[in-house]
Amino acid sequence: MNQPAIDTKAHRDAFYRRIAKANMTPLWELMSSLVPHQPQSPCVPAIWRYSDVRPWLMESGALISAKEAVRRVLVMENPGLPQSSAITQSIYAGLQLILPGEVAPSHRHSQSALRLIVEGSGAFTAVEGERVTMHPGDFIITPSWTWHDHGNPDDPSNPKDHNNPKDDNNPGAQPVVWLDGLDIPMVRFFDCGFAEDYPEESQPVARSDGDAQVRYGNNLMPIDFQPSTRASPLFAYPYARTRETLHQLSERGEPHAVHGYKMQFVNPADGGYPMPTIAAFVQLLLKGFDGNAYRCTDGTVFHCIEGQGSVVIDDQPIAFAEHDTFVVPSWSAHRLQANADTVLFSFSDRPVQRALGLWREH
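The rules behind each value
Residues numbered from 1 in each chain as written. Predicted model: local features only at pLDDT ≥ 70, side-chain atom pairs only at ≥ 80, totals over all residues. Heavy atoms only, no water. Helix = DSSP H or I, 4+ residues; strand = E, 2+ residues; numbered from the N terminus. Buried < 20%, exposed > 50% of the residue type's maximum accessible area, 1.4 Å probe, protein only. Contact = heavy atoms within 4.5 Å. Areas by Shrake-Rupley, 256 points an atom, 1.4 Å probe, with all protein chains shown as cover. Pairing = 2+ DSSP bridges. Polar contact = N/O pair within 3.5 Å; in protein donor to acceptor, adjacent residues only side chain to side chain. Axes fitted to C-alpha atoms, helices over the stretch in contact; angles between N-to-C directions. 1 Å grid on protein atoms, 1.4 Å probe; cavity = no way out; pocket = protein on both sides within 12 Å on 5 of 7 lines; lining within 4 Å. Points joined across faces, edges and corners; volume = space filled by probe spheres on them. Nonpolar A, V, L, I, M, F, W, Y, C, P; charged D, E, K, R; others polar.

Visitor: Would you mind going over the overall build of the protein with me for this structure?
Guide: When helices and strands are counted, the protein shows eight helices and 20 strands. For the protein, the proportion of its 362 residues judged to be buried stands at 49%. By sequence separation, contacts in the protein at least 24 residues apart represent 73% of the contacts at least 6 residues apart. Looking at the protein as shown, the accessible area adds up to about 18,700 Å², and 53% of this sits on carbon and sulfur atoms.

Visitor: Looking at this structure, how should I read the pairing of strand S7 (residues 130-133)?
Guide: Each regular strand carries side chains that alternate between the two faces of the sheet. Burial of S7 is one-sided: the residues Glu-130 and Val-132 facing one way are buried, the residues Arg-131 and Thr-133 facing the other way are not. The sheet contact formed by strand S6 (residues 124-127) and S7 spans four bridges and is antiparallel. For Val-127, the partnering residue across the bridge sits in S7 and is Glu-130. As consecutive antiparallel partners, S6 and S7 are separated by two residues, and within that stretch Glu-128 has a phi angle of approximately 50 degrees, a positive value.

Visitor: Quick question: what am I supposed to make of unusual backbone geometry here?
Guide: Working note: non-glycine residues mostly have negative phi, and peptide bonds are mostly trans. For Gln-83, which is not glycine, the phi dihedral falls at a positive 65 degrees. Structurally, Gln-83 can be placed in the loop between strand S2 (73-75) and strand S3 (92-98). You will see that Glu-128, though not glycine, has its phi angle at about 50 degrees, which is positive. With respect to the element layout, Glu-128 can be found in the loop between S6 and S7.

Visitor: In this structure, what is going on with the side chain of Gln-96? I would like to understand it.
Guide: As for its placement among the helices and strands, Gln-96 is situated in strand S3. Since its relative accessible area comes to 4%, Gln-96 is described here as buried. One polar contact links Gln-96 to Asp-180, side chain to side chain, over a distance of 2.6 Å. Residues contacting Gln-96, with those up to four places away along its chain left out, are Arg-71, Arg-72, Val-73, Ala-104, His-150, Val-176, Val-177, Trp-178 and Asp-180.

Visitor: Just to check I follow, could you spell out the sheet that holds strand S19 (residues 334-338) for this structure?
Guide: Hydrogen bonds along the backbone pair up the strands of a sheet, which may run parallel or antiparallel. Taken in spatial order, the three strands make up an open sheet running S17-S16-S19, and their pairing is antiparallel. Since the sheet does not close on itself, it has two edges, and those belong to strand S17 (316-320) and S19, each with one partner. For this sheet, the mean angle separating the axes of adjacent strands, direction not counted, is 20 degrees. Judged from the five bridges that link them, strand S16 (residues 309-313) and S19 form a sheet pairing that is antiparallel. In the sheet register, Ser-310 faces S19, and the bridge partner there is Gln-337.

Visitor: I'm lost on the layout of surface pockets in this one. Help?
Guide: The gaps of empty space that remain are located by a probe, the size of a water molecule, rolled over the atoms. Considered as a void within the structure, the largest pocket measures approximately 740 Å³ in volume. Around the largest pocket, the lining is made up of 24 residues, and of these Gln-89, Ser-90, Thr-297, Asp-349 and Gln-353 lie nearest the centre. Listed by contribution, the elements that provide at least two residues to the lining of the largest pocket are helix H5 (184-190) and helix H8 (350-355). The element best represented in the lining of the largest pocket is H5, accounting for four residues. When the residues that make up the lining of the largest pocket are grouped by side-chain class, the tally is 13 nonpolar, nine polar and two charged. By volume, the second largest pocket amounts to about 490 Å³. Taken together, 21 residues line the second largest pocket, and the ones lying closest to its centre are Tyr-237, Thr-242, Thr-245, Phe-265 and Val-266. Looking at the lining of the second largest pocket, the elements that each hand over two or more residues are helix H6 (211-216), strand S12 (236-237), helix H7 (239-250) and strand S13 (261-264). With four residues, H7 is the single largest residue contributor to the lining of the second largest pocket. Partitioned by chemical class, the residues of the lining of the second largest pocket number 13 nonpolar, seven polar and one charged.

Here it is as structure tokens:
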């Protein structure tokens with residue numbers, strides 16, 4: 001006597017519906033996505049061309065003040081992560097504008113932050129009582145839970161054309177733009193974010209401009225220095241020094257087949273990363289450089305400080321120029337090419353991956 005066929009799928013679907021009422025789900029239906037054979041990032045390669053986004057930045061300056069906005073930033077959101085305010089799964093990036101005469105009020109938060117100055121000189125940032133004047137290419141950090149504010153002194157005697165980035169005769173009265181990078185998605189993932197506003201618009205200046213550079217930036221350290229955090233005590237890394245280092249390297253040996261002449265920003269107190277959640281790098285690609293393919297597990301944000309070239313990401317070619325920003329997703333094969341002497345800044349969550357024993361490269 002023949003037994004009726006059992007509709008396995010129907011029985012399983014009915015079972016799944018029953019257990020769903022108790023907020024349970026079958027692992028075997030999700031195993032390949034939860035434990036993949038290799039990274040399967042929802043992030044996609046993307047580029048933000050500065051020539052396109054700069055007019056929007058300047059327009060935002062007429063729409064809202066730095067004080068009202070707290071931080072006037074246009075967020076770079078990965079097309080594969082809509083409504084996330086994230087450029088990779090773990091990193092936030094945006095472009096911030098401060099106009100002449102403005103102050104971005106002082107506050108502090110759990111999130112660690114970096115900034116790479118894109119254009120404009122004469123503005124300052126203040127971190128824990130020390131101010132530093134910012135210049136294009138400078139790399140500056142704001143470690144977790146440190147007071148910080150920004151200002152752009154005005155000089156009304158020489159009006160500026162805010163739509164002309166080349167109008168540099170009066171650096172104290174020009175718009176200043178920088179690239180922000182924060183670990184916002186990581187802090188959000190762990191549900192451990194706090195923030196606090198300073199009682200005044202600006203924190204008092206307790207140390208002179210360049211104090212940290214003198215104490216920690218010359219291969220010397222105060223004899224009684226005891227680090228209170230894992231972040232670097234040196235919060236400003238001037239581009240003039242960085243660029244000279246890259247130039248000297250290029251005259252002393254052949255470039256790396258993948259990276260050209262690449263250096264890592266470090267915490268001078270321990271040789272580690274500038275902040276415990278974010279790594280930052282800078283590299284020089286000489287004109288004609290055509291690098292080998294490379295991939296790593298830390299999705300990486302690149303910014304072109306100077307020069308121009310292209311990146312091929314998973315067989316997708318993307319041309320970039322000065323001040324453009326692009327993102328390479330985790331484990332995406334990519335190779336760099338330079339049409340002129342080019343300097344790239346980049347940052348990622350590599351410190352976290354390495355601390356957890358997860359980071360890989362190929």
